[in-house]
Amino acid sequence: TIRDEHVAESGLEIEFAVPEQVFGDDVTDEVKIYINGNLMYENAFSEAWKGSIVFDAARLQQLESEVYDIELVCSKSFVPSEMGIGADSRNLALRVSYVGRMR
């Protein structure tokens, strides 16, 4: 959840990576981004990817809020310890590096 009155003026940026480990035998990983319960982005990735998704000010102003509840949903995930790439036993899907006002 982000509370920032300037996000509605400048836009929202979410920078993340879809790691190659999520693909396994499956060919796509569907990523959806919800803001305040509204589906704002969806894409089916077929290979590792890193970048930013930007929501412009006009699109965010439709939400009429200064508080943004952001949810990232993925169709695939992986557990590093089960893949022999570390001791981490968490179920992982994305590497999120930035969520906030557009830079």
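The structure under discussion appears in the preceding block.
Remember, it's a predicted structure, so these values are computed and weren't measured experimentally.

Enquirer: If you had to explain the sheet that holds strand β2 (residues 12–18) to someone new, which residues and values would you point to?
Expert: A sheet is described by the order of its strands in space; here 3 strands give the open sequence β5-β2-β8, paired in antiparallel fashion. If you trace the sheet from one side to the other, it starts and ends with β5 (49–55) and β8 (95–101), each paired once. Looking at each pair of strands side by side, their axes are set apart by 10 degrees on average, direction ignored. By the bridge criterion, 7 bridges tie β2 to β5 in an arrangement that is antiparallel. Directly across from E15, in β5, lies its bridge partner S52.

Enquirer: Describe in detail the side chain of E15, supporting the description with residues and values.
Expert: Tracing the backbone shows E15 in strand β2. Of the residues examined, E15 reaches a relative accessible area of 17% and is grouped as buried. Look past the residues within four positions of E15 in its chain and what remains in contact with it is K50, G51, S52, R95, V96, S97, Y98 and R103.

Enquirer: Help me get a handle on the pairing of strand β4 (residues 38–45), residues and values and all.
Expert: For strand β3 (residues 29–35) and β4, the ladder comprises 7 bridges, and the chain directions are antiparallel. Directly across from Y34, in β4, lies its bridge partner L39.

Enquirer: Tell me about the sheet that holds β3, and please be specific about residues and values.
Expert: Spatially, β4-β3-β7 is the arrangement adopted by the 3 strands of the open sheet, whose pairing is antiparallel. Either end of the sheet is taken by a strand with one partner, and the two such strands are β4 and β7 (70–74). Direction aside, the axes of adjacent strands within the sheet are offset by 15 degrees on average. Pairing analysis gives 5 bridges linking β3 to β7, with the strands arranged antiparallel.

Cut-offs applied
- Residues numbered from 1 in each chain as written.
- Predicted model: local features only at pLDDT ≥ 70, side-chain atom pairs only at ≥ 80, totals over all residues.
- Heavy atoms only, no water.
- Pairing = 2+ DSSP bridges.
- Helix = DSSP H or I, 4+ residues; strand = E, 2+ residues; numbered from the N terminus.
- Axes fitted to C-alpha atoms, helices over the stretch in contact; angles between N-to-C directions.
- Buried < 20%, exposed > 50% of the residue type's maximum accessible area, 1.4 Å probe, protein only.
- Contact = heavy atoms within 4.5 Å.

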